[in-house]
Structure formats: C-alpha cells, structure tokens
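Close look at the chain arrangement
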Amino acid sequence: MAIDALPPLREVIAAHSLSARKALGQNFLLDLNLTAKIARLAGDLSQADVLEVGPGPGGLTRGLLAEGARRVVAVEKDARCLPALAEIAAAYPGRLEVMNADALEIDWQAVLAPPRKIVANLPYNVGTELLVRWLTPPSWPPAWDSLTLMFQREVADRIVAQPGGKAYGRLAVLAQWRCEARIAMTLPPEAFTPPPKVRSAVVHLTALSAPRYEADPAVLSRVVAAAFGQRRKMLRAALKGLAPDIEEHLRAAGIAPTERAEQVPIEGFCALARTLA
Ligand code: SAM
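Everything numeric in this text was worked out from a predicted model, so none of it was measured.

What counts as what
- Residues numbered from 1 in each chain as written.
- Predicted model: local features only at pLDDT ≥ 70, side-chain atom pairs only at ≥ 80, totals over all residues.
- Heavy atoms only, no water.
- Near = heavy atom within 4 Å.
- Polar contact = N/O pair within 3.5 Å; in protein donor to acceptor, adjacent residues only side chain to side chain.
- Areas by Shrake-Rupley, 256 points an atom, 1.4 Å probe, with all protein chains shown as cover.
- Helix = DSSP H or I, 4+ residues; strand = E, 2+ residues; numbered from the N terminus.
- Nonpolar A, V, L, I, M, F, W, Y, C, P; charged D, E, K, R; others polar.
- Contact = heavy atoms within 4.5 Å.
- Phe/Tyr/Trp six-rings, centres within 6.5 Å; stacked < 30°, edge-to-face > 60°.
- Buried < 20%, exposed > 50% of the residue type's maximum accessible area, 1.4 Å probe, protein only.
- Axes fitted to C-alpha atoms, helices over the stretch in contact; angles between N-to-C directions.
- Parallel < 35°, antiparallel > 145°, perpendicular 65-115°, else oblique.
- Left-handed = near helix turned anticlockwise from the far one by under 90°.
- Domains from an automatic or database assignment.
- Buried area = accessible area lost by both parts, 1.4 Å probe.
- Salt bridge = Lys/Arg side-chain N within 4 Å of Asp/Glu carboxyl O.

**A few points about the site of the ligand**
In the vicinity of the ligand, 20 residues are found, and the nearest of them are L29, G54, E76, A103 and N121. Residue Q26 places a side-chain N or O atom 2.9 Å away from an oxygen atom belonging to the ligand. In this structure, G56 approaches the ligand through a main-chain N or O atom, which is 3.4 Å from an oxygen atom. Here the ligand, which alone exposes 600 Å², has 99% of that area covered by the protein. Where the shell around the ligand is concerned, the elements lending two or more residues are β1 (28-29) and β3 (71-76). When the residues that make up the shell around the ligand are grouped by side-chain class, the tally is 9 nonpolar, 6 polar and 5 charged.

**Points about the side chain of D4**
Here D4 lies in the segment before α1 (9-15). Looking at D4, its side chain comes within polar contact range of the main-chain nitrogen of L6, at 3.1 Å. Within the structure, the side chain of D4 is placed 2.8 Å from the side chain of R62, a separation counted as a polar contact. Not counting residues within four places of it along the chain, the set of residues in contact with D4 comprises R62 and Y92.

**A closer look at the packing of aromatic side chains**
According to the stated counting rule, one finds 3 aromatic pairs in the structure shown. Aromatic side chains Y168 and F228 sit 5.7 Å apart centroid to centroid with 80° between the ring planes, which places their arrangement in the edge-to-face category. Taken as a pair, Y168 in the loop between α7 (153-160) and α8 (170-178) and F228 in helix α9 (residues 217-229) lie far apart in primary sequence, 60 residues in all. The class for Y168 is buried, based on a relative accessible area of 1%. Ring centres of F228 and F269 lie 5.5 Å apart, and the angle between their planes is 50°; this geometry places the pair in the tilted category. Of this pair, F228 sits in helix α9 while F269 sits in helix α12 (residues 266-276), placing them 41 residues apart in sequence. You can call F228 buried: its relative accessible area is 10%. Exposure remark for F269: the relative accessible area of 1% places this residue in the buried category. Members of the aromatic cluster, each reached through a chain of ring pairs, are Y168, F228 and F269.

**Here's the deal with the packing of helix α2 (residues 32-41) against helix α3 (residues 59-66)**
Put simply, α2 and α3 touch, their axes get as near as 8 Å, and they point 60° apart. When the axis of α2 is compared with that of α3, the two are oblique. The element α2 and its partner α3 pack so that their crossing is right-handed. Between α2, through L32, T35, A36, I38 and A39, and α3, the contact on the second element is made entirely by G59, L60, R62, G63 and L64. In the contact of α2 with α3, the residues fall into 6 nonpolar, 3 polar and 1 charged.

**Re the domain arrangement of the chain**
Each domain of the chain was delimited in the assignment, giving domain 1 (9-207) and domain 2 (217-276). If you average the C-alpha positions of domain 1 and of domain 2, the two centres end up 33 Å apart. Of all residues in domain 1, the largest losses of buried area upon contact with domain 2 belong to Y168, V173 and W177, amounting jointly to 50% of the total for that side. Where domain 1 touches domain 2, the interface holds 0 salt bridges. Counting across the interface, domain 1 meets domain 2 through 6 residue pairs in polar contact (both at pLDDT 80 or more). Residue composition of the side of domain 1 that touches domain 2, by class: 6 nonpolar, 4 polar and 3 charged.

Take a look at the structure:
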C-alpha cells in the first residue's frame, strides 16, 4: 500500500529534473516503504518537531510525515528540490516547513519546538561535522532527544565502536559518553539512486539525561583529540603537550603511560580529563 497519495519518487525526480549531484552528496532513497521504516526507527514522532537535513526530493520527509511527525523542518541546500518539497508541504498542511539553507549555517533550535528529534539521510561531505556539533553543545542534556542518522557504514562503525580496535576513536567517545548509540539498520548500495560505492547504516542515538562519567567537555575534547590524533603513539608521548607531568596524571587516572589511545575506555578518558582540569 502507498504511504501517501503523492506521486512515486521516480516521477517526482523526472518531473523536476532532479539529477543527482555528487558534490552535494546526493544519493536518494526512492522506496517509500523503506523511508517510512527509517522514520519509525526514530520512535514516536507524534509529539515531536523533527529536523531533517537534506530532504532532497523528499522520500524520508514523506516517511516522517506519514508516520505522524507533529512537524518537520527540512533544510535543503539545493534549490532545485524546492518545488518537489512544496508539493509535500501542500499535502500535509501546516506540518512541513522547508528552509533553503546550508544546515551548517542555520540556528535549528530556534525553528523547532521541544521535544526535538533529528532524522536525516546525511550528505556524506558534512555528516560527521554535523554529528560532532550535535554531540558537543555547551550544556547537557542537548536541545534534541534523539538522532536517527544515515551514514556510510564505516562512520556508523566508528560511532558505536568499543575500545580495542581501529574504529574506536574520537567519535565513539563523544557519542557514547553522553548517549546510547546503536546501529539500527544497514543498507546495501542498491537502496540508493545512484548507488554509492559503500554500504550505509542508520545510527540511532538517544541523549542520556546526564553524562556517564563526570568530565569537563572542553578538557575531554582536548584529551581525546590529542590521544587519537597520534593514535599509534603511547599516551605519554601523544599527550605530552597537555601537561609537563602527563605521566603522573595518567597514573592518577588509572592509565598506564605506555598504553595507546584505542585501549582506553571512555571512563579512563573522563578520569584523565578530571585530573587535568
Ligand atoms: N533525504 C533524501 C533521501 O533520503 O533521498 C536525500 C539524501 S542525500 C544523501 C543528501 C541531501 O542533502 C541532498 O539532497 C543534498 O542536496 C543535501 N545537502 C548537501 N549538503 C547540504 C547542506 N550543507 N545543508 C543542507 N542540505 C545539504
């Protein structure tokens, strides 16, 4: 059964000549049953305002609205998509607002009422940058309740990675320190038009009410950036710029100075941030 009375996405794309542009990270989802499924991964949307970055021709937007989102604000950089998105707005009166803007430039909190959820099939070129911004607001809990985001599989693996492997790094620490993070769905390249070179995955992050371990966010960010910036070095060398007596700080935090960043759990980085603060 169709999820709405609007035309199929292939027709929308043809009618508005929306040939995909690589520079804008355009890989479109055309299966509306799949986009509705992704929308459901975000949980109950009926009480939430949803920010969608990069609606493109509107497949995920339609999924979000059909699944009952109270209101969707969709931010799209490519003006060619606006007429197609206007047709969706007309089909769901008062529930879809489209902004023709760069998602890196907007004050999204100002245009959404709480509770807020962010759901997006992110453009690959700005996906990580946006995630890091959403994960590092000045105070916690953040202005959003959950993030449901499509990434390249490799980025998704880095977000949910555990200590001890190559994927574990800054993204894992930033995400898991203050969120519950899991891979909710994986998708093959053929799910997209045009198909990207790599597999993709939807990551669902729920903001915890408080961080798992106490730490000053700015100090923790500095520690983690330095530690993983030279991840093959022992921590006493990688972190020597942070304090002259870094070995003592490491020992005080329960970390052997000869360990490497990828062996240290989030709790260890937080303990180190506390001794350095
Ligand atoms: N949501 C659609 C879907 O699932 O079929 C399109 C997803 S496509 C991977 C990414 C979308 O983000 C494109 O429509 C692209 O034009 C848009 N985009 C790229 N950079 C952007 C930016 N900085 N701000 C807002 N939108 C952007």
